[in-house]
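# Per-entry structural report
Here is what each chain is made of, one letter per residue.
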Amino acid sequence: MPSPHSFEQRLAEAWPATLWQDVGVLLAVSGGADSVALLRAMRVLKTGGAGRLAAAHFNHRLRGVESDSDQQFVVSLCKTRGLDCVVSEARAADLLACGDGLEAAARQARYDFLQRTAETLGARYVVTAHTADDQVETILHHVVRGTGLCGLAGMQPARMLGPAVTLVRPMLRMGRDLVLGYLASLDQPYREDQTNRDLRHTRNRIRHELLPLLKRDYSATVAESLLRLGSLASDATRVVDALVGQLLERAVRETGASYVTLDCGELAGQDRHLVRELLIAVWRRQAWPLQAMGYTQWDALAGLALAPQTPNSQGSKQVFPGAITAERRGGQLVLASSEDA
């Protein structure tokens, strides 16, 4: 029997099979190098247990014939490897209707599909193939765009997708060179998305221009430095998140599908950063658009929440991106979407 490839060994160490062999696992497979390597390695590591291993492919339909060819490739690969493959596609109208822009809408549609599919199959985990290279690009993208502590943390190794489904990223500490070496050793083809070289997109300019420039002219170890920064920010974020959770429990007075009422008395005297993070948490809970919300908007919201109660507090109202209104009503801050504003 041939010895396992170092990629398979690293994957087994990052996410031991004993944690997932007996439960359902759904692999997100785009057809690109990273997800194809994930599929091949997970198929090797799945040597027993009662759990079901399946794959899912989401066709964004943003690249015409190429998108359809990606889907055909993934379906064929799964059939060859003896895996069931669930396929779905985006609806252009749904993507264009999203207030966060096309890229964010496509991402949200993909994760919604993965969650629904996992729940339908009874899968406990959804696994994606994000690598250390993706993490570096994500952190640097956040820095360039403007970010807080949470953005510096980058992607988390695991997070909840739904009440019974966890998203896992076991390849976050593995570089793309390791992935490509693994596929070459298997003589395994994969699909290449030509839009990844389109320099009109900021992420692509970071990958093909900014990162190489930083490595060449500033620090050959910039990628390692960014990963270390992300790890430290992640540690700090966990502490802040715990404090935010406690404050949320005390401050939320009423909540509905499109509104939240906060008790400003509970926020009085709290650190302004903590209040900003609490408001971001509220936005996420309500699934309100985040893309156009920057530091200026979050700080303005925090100022509204922390302002001392005066006769002028009544009726103070501001409108934020996504048609979300924030209104001070005495000692309360009412946040509402346009439906209830």
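See the structure above.
Going along each chain's sequence as written, the residues are numbered from 1 onward. Residues qualify for local features only when their pLDDT is at least 70, as the model is predicted, and side-chain atom pairs are given and counted only at 80 or more; totals for whole chains, interfaces and linings, by contrast, use all residues. Hydrogens are left out, water is left out, and the side-chain values use all remaining heavy atoms of the structure.

The next thing to look at is the environment of Ala-158. Helix and strand assignments follow DSSP, with helices taken as H or I runs no shorter than four residues and strands as E runs no shorter than two, numbered in order from the N terminus. Counting through the fold element by element, Ala-158 comes out in strand 5 (residues 158–162). Summary of the burial criterion: residues with accessible area below 20% of their type's maximum are buried, those above 50% are exposed, and those between are partly exposed, where the area comes from a 1.4 Å probe applied to protein chains only. A relative accessible area of 45% places Ala-158 in the partly exposed class. Along the primary structure Ala-158 and Gln-188 are separated by 30 residues, whereas in three dimensions their C-alpha atoms are 28 Å apart. When near neighbours in sequence (up to four residues on either side) are disregarded, Ala-158 contacts Thr-166, Leu-167 and Val-168. A contact between two residues is defined here by any heavy atoms of the two lying within 4.5 Å.

This next bit is on the sheet that holds strand 7 (residues 252–255). Strand order in this open sheet of 5 strands is 7-8-11-10-9, and the pairing throughout is antiparallel. Two strands bound the open sheet, and with one partner strand each, they are strand 7 and strand 9 (316–320). Taking each pair of neighbouring strands and ignoring which way they run, the sheet shows an average axis angle of 15°. Bridge count between strand 8 (residues 259–263) and strand 11 (residues 332–336): 5 bridges; the pairing is antiparallel. When the bridges of strand 11 are listed, Thr-261 appears paired with Val-334. Any two strands with at least two DSSP bridges between them are considered paired. Comment: axis = line fitted to C-alpha atoms, over the contacting stretch for helices; angle = value between 0 and 180 degrees taken between N-to-C directions.

The periodicity of an α-helix, 3.6 residues per turn, causes residues three or four positions apart to be oriented the same way. For a helix, the expected span equals 1.5 Å multiplied by the residue count minus one. For helix 3 (residues 65–80), with 16 residues, the first-to-last C-alpha span of 23 Å sits near the 22 Å given by 1.5 Å per residue. Those residues of helix 3 that fall on the buried side of the exposure criterion are Ser-67, Asp-70, Phe-73, Val-74, Leu-77 and Cys-78. Burial along helix 3 is one-sided: seen end-on, the buried residues are contained in an arc of 125°. Away from its buried face by more than 90 degrees, helix 3 exposes Val-65, Gln-72, Lys-79 and Thr-80. Buried residues along helix 3 sit against helix 2 (33–45), strand 2 (53–59) and strand 3 (85–89). Gly-82 sits one or two residues past helix 3 and shows a positive phi near 70°. Working note: the arc is built from the helix axis to C-beta atom directions.

This next bit is on the sheet that holds strand 1 (residues 24–28). Spatially, the 6 strands line up as an open sheet ordered 3-2-1-4-6-5, and their pairing is mixed. The strands lining the two open edges of the sheet, one partner per strand, are strand 3 and strand 5. Ignoring which end each strand starts from, the neighbouring axes of this sheet average 25° apart. Here strand 2 pairs with strand 3 via 5 bridges, running parallel. Pairing of Ala-55 across the sheet is with Cys-85, part of strand 3. Here helix 2 sits on the sheet in contact with strand 1, strand 2 and strand 4 (123–127), set at roughly 155° to strand 1. On top of the sheet, helix 3 reaches strand 2 and strand 3; it is set at about 170° to strand 2, its chief contact.

Take the environment of Gln-21 next. Of note, Gln-21 is situated in the loop between helix 1 (6–14) and strand 1. Residue classification places Gln-21 among the buried residues on the basis of a relative accessible area of 10%. A sequence separation of 200 residues divides Gln-21 from Thr-221, and the C-alpha atoms of the two residues are 37 Å apart. Residues contacting Gln-21, with those up to four places away along its chain left out, are Leu-45, Lys-46, Thr-47, Gly-48, Gly-49, Ala-50 and Gly-51. Residues adjacent in sequence count toward polar contacts only when both atoms are side-chain atoms; beyond that, a polar contact is any pair of N or O atoms within 3.5 Å, and within protein one must be able to donate a hydrogen and the other to accept it. There is a polar contact of 3.4 Å between the side chain of Gln-21 and the side chain of Thr-47.

Attention now goes to the packing of aromatic side chains. Centres within 6.5 Å are what make two rings of Phe, Tyr or Trp a pair, Trp counting through its six-membered ring; a difference in plane orientation under 30 degrees is then read as stacked, over 60 as edge-to-face, and the rest as tilted. By the definition in use, this model includes 6 aromatic pairs. Seen from their ring centres, Trp-15 and Trp-20 are 5.6 Å apart, and the 25° between their planes marks the pair as stacked. When sorted by exposure, Trp-15 lands in the same class as Trp-20, which is buried. Ring plane angle 90° and centroid distance 5.2 Å describe the contact between Trp-15 and Tyr-125, whose orientation is recorded as edge-to-face. Here the residue Trp-15 occupies a position in the loop between helix 1 and strand 1, and Tyr-125 occupies one in strand 4, the gap between them amounting to 110 residues. Residue classification places Trp-15 among the buried residues on the basis of a relative accessible area of 7%. Residue Tyr-125 is classed as buried on the basis of its relative accessible area of 17%. Cation over ring: Arg-110 sits above Tyr-111, and NZ or CZ is 5.5 Å from the ring centre. The residue whose ring lies beneath Arg-159 is Tyr-111, and the NZ or CZ to ring-centre distance is 5.2 Å. Charge over a ring is defined by NZ of Lys or CZ of Arg lying within 6 Å of the ring centre and within 35 degrees of the ring normal.

Turning our attention to the pattern of salt bridges. Criterion for a salt bridge: a side-chain nitrogen of Lys or Arg within 4 Å of a carboxyl oxygen of Asp or Glu. According to the stated counting rule, one finds 19 salt bridges in the structure shown. Among the ionic pairs, Arg-52 bridges to Asp-84, the shortest N-O distance being 2.8 Å. One end of the pair, Arg-52, is in the loop between helix 2 and strand 2; the other, Asp-84, is in the loop between helix 3 and strand 3, and 32 residues separate them in sequence. Using a relative accessible area of 39% as the deciding quantity, one classes Arg-52 as partly exposed. Assessed through its relative accessible area of 44%, Asp-84 is described here as partly exposed. Among the ionic pairs, Glu-266 bridges to Arg-250, the shortest N-O distance being 3.5 Å. Linking Glu-266 in helix 11 (residues 264–267) with Arg-250 in helix 10 (residues 222–251), this pair joins segments that are 16 residues apart in sequence. Overall, the relative accessible area of 27% leaves Glu-266 in the partly exposed class. By relative accessible area, which is 37% here, Arg-250 ends up partly exposed. Salt bridges linked by common partners bring Asp-34, Asp-134, Glu-137, Arg-176, Arg-203 and Arg-207 together as one network.

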